[in-house]
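# Structure assessment
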Amino acid sequence: MNKIYDAIIIGAGFAGATVARQLADVGKSVLVIEKRNHIGGNAYDYYNSDGVLIHKYGPHIFHANNQKVFEFVRKYTDWYDYQHKVVANVHGKEMPVPFNLNSLYIAYDEEKAKRIEQKLIEAYGAEQKVTILELKKNTDPELKELAQYVYDNVFVYYTMKQWGKTPEEIDPNTTARVPVFISRDDRYFQDSFQGMPKDGYTKIFDNMLAHENIEVLTGVDALDKLTLDDGQILFEGEVFDGDVVYSGAVDYLFGNCYGSLPYRTLDFVFETFNKDYVQSHGTINYTVSEDYTRITEFKHMTGQVLQGKTTTCKEYSKSYSGAEDEIPYYAIINEENNALYQKYFEKAQQYKNLHLIGRLAEYKYYNMDAIIERALDLASKLCPEV
Ligand SMILES: Cc1cc2nc3c(=O)[nH]c(=O)nc-3n(C[C@H](O)[C@H](O)[C@H](O)COP(=O)(O)OP(=O)(O)OC[C@H]3O[C@@H](n4cnc5c(N)ncnc54)[C@H](O)[C@@H]3O)c2cc1C
């Protein structure tokens, strides 16, 4: 029986790396297998040939309310204080998103904006968030009009581009992620802790995985080493009865036996300019025009000091086809897809030492803080000494 490792972790993103480190810290020997030729999962960043620190899989901003999560990550990096602000480009005017009271005064003349501001505060309270869908249901004509304005100018076209659907076809939980904020606070997140890792995300993973009890294999598909067979997991042909933590796509794990889970993917187009900066904010959303959803300029976010060079990234959202060069980024949450996921989940339950975690294995959207929290919980469940 194979027992060289206490645990095998598949995927070196935040889910896998967090579990690996927690187990290693209490003396477990861990093998991490990562398909890509680098660690860090979708949070991976690197310096491009122009010397600009960029996020290969789209812009990542760390934000968290959970003290335990923050305490965990701060062990592996120092932080650069960054409060993310996003603006929407609406016919050439830039207004803060989520749409807030400052956006209101950009969208309308002062008198009307003032009136609407008072109505919003009366109806929902100051510093509250109300979703576009809730606002649409309000009977006040001016609030209804505002709902329509936000819907038309900030929400609908962006959402259609992002999901390739009409908003009515999208799960209300996803829609709820686009609120109107009755506040002057232009920050995109209000979490108590926000920031960017001082030396980049990849360095966090380097530090987390640098442990005598952790061995990392990159550029290896775990399914080339592991076989799932009738309730048993084989590692290199021998039964492995330690814990197997899987953070890859669950349909892939079972050879798509029930069919493929649908996803959205993204094309990233990076451009470097011989300038210090080319846009006003870290991220500009294109909510009424263009085929891309947003443009990010990394230097705003990373705080990198570099003169005469800056890199941006345009994001084009499209349906995931399963092609080799595509990456499944966003689960498409709806009843049908959840039911399909449930079948895979039940199949996974037949393997008592298999644990699914992460945005792909659980077919859910998780921010980094949320997935770290889940991974910390899973590690404690697997090993009470953690
Ligand atoms: C465009 C974009 C922007 C985002 N921005 C933010 C943000 O600003 N803030 C935030 O908090 N979160 C953000 N997120 C979410 C963040 O990326 C996730 O929370 C995080 O990636 C989840 O980590 P994970 O380990 O579950 O998945 P991943 O990071 O995807 O890691 C899974 C790893 O498993 C590997 N793997 C899969 N299958 C196999 C296999 N068979 N064998 C070996 N390895 C395998 C993959 O290669 C991958 O490296 C963003 C996500 C996207 C797509």
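On a predicted model such as this, the values are computed, not experimentally measured, just so you know. (Residues numbered from 1 in each chain as written. Predicted model: local features only at pLDDT ≥ 70, side-chain atom pairs only at ≥ 80, totals over all residues.)

### Digging into the overall build of the chain
To keep it simple, the criterion reads: Runs of H or I in DSSP of at least four residues are treated as helices and runs of E of at least two as strands, each being numbered from the N terminus. We take the radius of gyration over the C-alpha atoms and set the globule estimate at 2.2 Å times the residue count to the 0.38 power. Exposure is read from a count of other C-beta atoms within 10 Å of each residue's own; the residue is exposed at 12 or fewer, buried at 20 or more and partly exposed in between. C-beta atoms are placed from the backbone. Our contact criterion uses C-beta atoms placed from the backbone: two residues qualify when those atoms are within 7 Å.
Scanning the chain from N- to C-terminus turns up 12 helices and 22 strands. Radius of gyration (C-alpha) of the chain: 22 Å, near the 21 Å computed for a compact globule of 386 residues. Expressed along its principal axes, the backbone C-alpha trace of the chain runs to roughly 75 × 50 × 40 Å. Looking at the chain residue by residue over its 386 residues, the buried ones come to 40%. Pairs at least 24 residues apart make up 74% of the contacts formed inside the chain by residues separated by at least 6 positions.

### What about the sheet that holds strand β18 (residues 283-286)?
Heads up, the rule is: At least two DSSP bridges between two strands are needed for those strands to be called paired.
Spatially, the seven strands line up as an open sheet ordered β8-β7-β18-β19-β20-β17-β21, and their pairing is mixed. The open sheet is flanked by β8 (93-97) and β21 (330-331), the only strands paired with a single partner. Summarising the sheet, strand β19 (residues 294-297) and strand β20 (residues 310-319) pair through four bridges and their orientation is antiparallel. Within β20, the position partnered with Ile295 by the bridge is Lys314.

### Some remarks on the pairing of strand β1 (residues 7-10)
Each regular strand shows side chains that alternate between the opposite faces of the sheet. For clarity, the cut-off: By convention a crossover is right-handed if, when the strands point away from the viewer, the path from the first strand over the helix to the second runs clockwise.
Burial of β1 is two-sided: the residues Ala7 and Ile9 facing one way and the residues Ile8 and Ile10 facing the other way are all buried. In terms of handedness, the path from β1 via helix α1 (residues 14-25) over to strand β2 (residues 30-34) forms a crossover that is right-handed. In the sheet, β1 pairs with strand β16 (residues 243-246) via four bridges, with the strands oriented parallel. By the bridge assignment for β16, Ala7 is matched with Asp243.

### Structural notes on the sheet that holds β2
Quick note on the threshold: For helices, the fitted line uses only the C-alpha atoms of the stretch in contact; every axis is such a line through C-alpha atoms, and the angle between N-to-C directions lies from 0 to 180 degrees.
Ordered in space as β12-β2-β1-β16-β22, the five strands form an open sheet in which the pairing is parallel. Two strands close off the open sheet at either side, each with one partner strand: β12 (214-218) and β22 (354-356). Geometrically, the sheet is characterised by an average inter-axis angle of 15 degrees between neighbouring strands, direction not taken into account.

### Looking at the environment of Thr218
Relative to the elements of secondary structure, Thr218 occurs in strand β12. Setting aside chain neighbours within four positions, we find Thr218 in contact with Glu34, Arg36, Asn37, His38 and Ile39.

### Comments concerning the site of the ligand
Put simply, the rule reads: We count a residue as near a molecule or strand when its backbone-placed C-beta atom lies within 6 Å of that partner. Classification convention: Asp, Glu, Lys, Arg as charged; Ala, Val, Leu, Ile, Met, Phe, Trp, Tyr, Cys, Pro as nonpolar; all other residues, Gly among them, as polar.
Around the ligand lies a shell of 33 residues, among which Gly11, Gly13, Gly41, Gly58 and Gly248 are the nearest. At the level of elements, α1, β2 and α12 (368-382) are the ones that each hand at least two residues to the shell around the ligand. For the shell around the ligand, the class distribution of residues is 16 nonpolar, 11 polar and six charged.

### Here we look at the domain arrangement of the chain
The test is simple: Reported domain spans reflect what an automatic or database domain assignment gives.
As far as domains go, the chain holds domain 1 (7-82 + 197-259 + 328-382), domain 2 (86-181) and domain 3 (263-319). Each partner contributes to the interface: domain 1 provides 17 residues, whereas domain 3 provides 21 residues. Where the side of domain 1 that touches domain 3 is concerned, the elements lending two or more residues are β4 (53-55) and β21. Among the elements that take part in the side of domain 1 that touches domain 3, β4 stands out by supplying three residues, more than any other.

### A short note on helix α8 (residues 201-209)
Stated precisely, the cut-off is as follows: Of all possible arcs, the one meant is that of the directions from the helix axis to the C-beta atoms.
Restricting attention to buried positions, one finds in α8 the residues Tyr201, Thr202, Ile204, Phe205, Met208 and Leu209. Within α8, the buried residues cover an arc of 150 degrees as seen down the axis, which keeps them to one side. In this fold, the buried residues of α8 make contact with α1, β2, β3 (45-47), α2 (67-74), β11 (193-197) and β12.

### Here we look at the nonpolar core
Selection criterion: A set of buried Ala, Val, Leu, Ile, Met, Phe, Trp, Tyr and Cys residues, joined through C-beta atoms within 7 Å, is what we mean by a nonpolar core.
Within the largest apolar cluster, 72 residues are counted, with the highest numbers of intra-cluster contacts made by Ile8, Ala20, Val30, Val32, Leu209 and Ala375. For this core, the two domains that each supply at least three residues are domain 1 (7-82 + 197-259 + 328-382) and domain 3 (263-319). Those residues within four positions of Ala375 in sequence are excluded, and the remaining contacts are Phe14, Ala15, Thr18, Val19 and Ile357. Formed by 24 residues, the second largest nonpolar core is a distinct cluster that contains Val90, Met95, Val97 and Phe99.

### So, the environment of Arg74
Here Arg74 is to be found in helix α2. Take Arg74: there are 14 C-beta atoms within 10 Å of it, and that puts it in the partly exposed class. A sequence separation of 130 residues divides Arg74 from Ile204, and the C-alpha atoms of the two residues are 9.0 Å apart.

### Focus: the packing of α2 against α12
How we decide: In what follows, roughly perpendicular refers to angles from 65 to 115 degrees, roughly parallel to angles under 35, roughly antiparallel to angles over 145, and oblique to any angle outside these ranges.
Interaxial distance between α2 and α12 falls to 9 Å at its minimum, and their mutual angle equals 90 degrees. Taken together, the axis directions place α2 and α12 in an arrangement best described as roughly perpendicular. Between α2, through Lys68, Val69, Phe72 and Val73, and α12, the contact on the second element is made entirely by Asp369, Ile372, Glu373 and Leu376. Taken together, the residues of the contact of α2 with α12 sort by class into five nonpolar, no polar and three charged.

### Let's talk about the packing of α1 against α12
Selection criterion: Here is the rule for handedness: rotate from the far helix to the near one, and if that takes an anticlockwise turn smaller than a right angle the crossing is left-handed, while a clockwise turn gives right-handed.
Running from amino to carboxyl end, α1 crosses α12 at an angle of 35 degrees, the nearest separation of the two axes being 8 Å. In the crossing of α1 with α12, the sense of the turn from one axis to the other is right-handed. On the side of α1, the interface is formed by Phe14, Ala15, Thr18, Val19, Gln22 and Leu23, while α12 contributes Met368, Ile371, Ile372, Ala375, Leu376, Leu378, Ala379 and Leu382. Classifying every residue of the contact of α1 with α12 gives 12 nonpolar, two polar and no charged.

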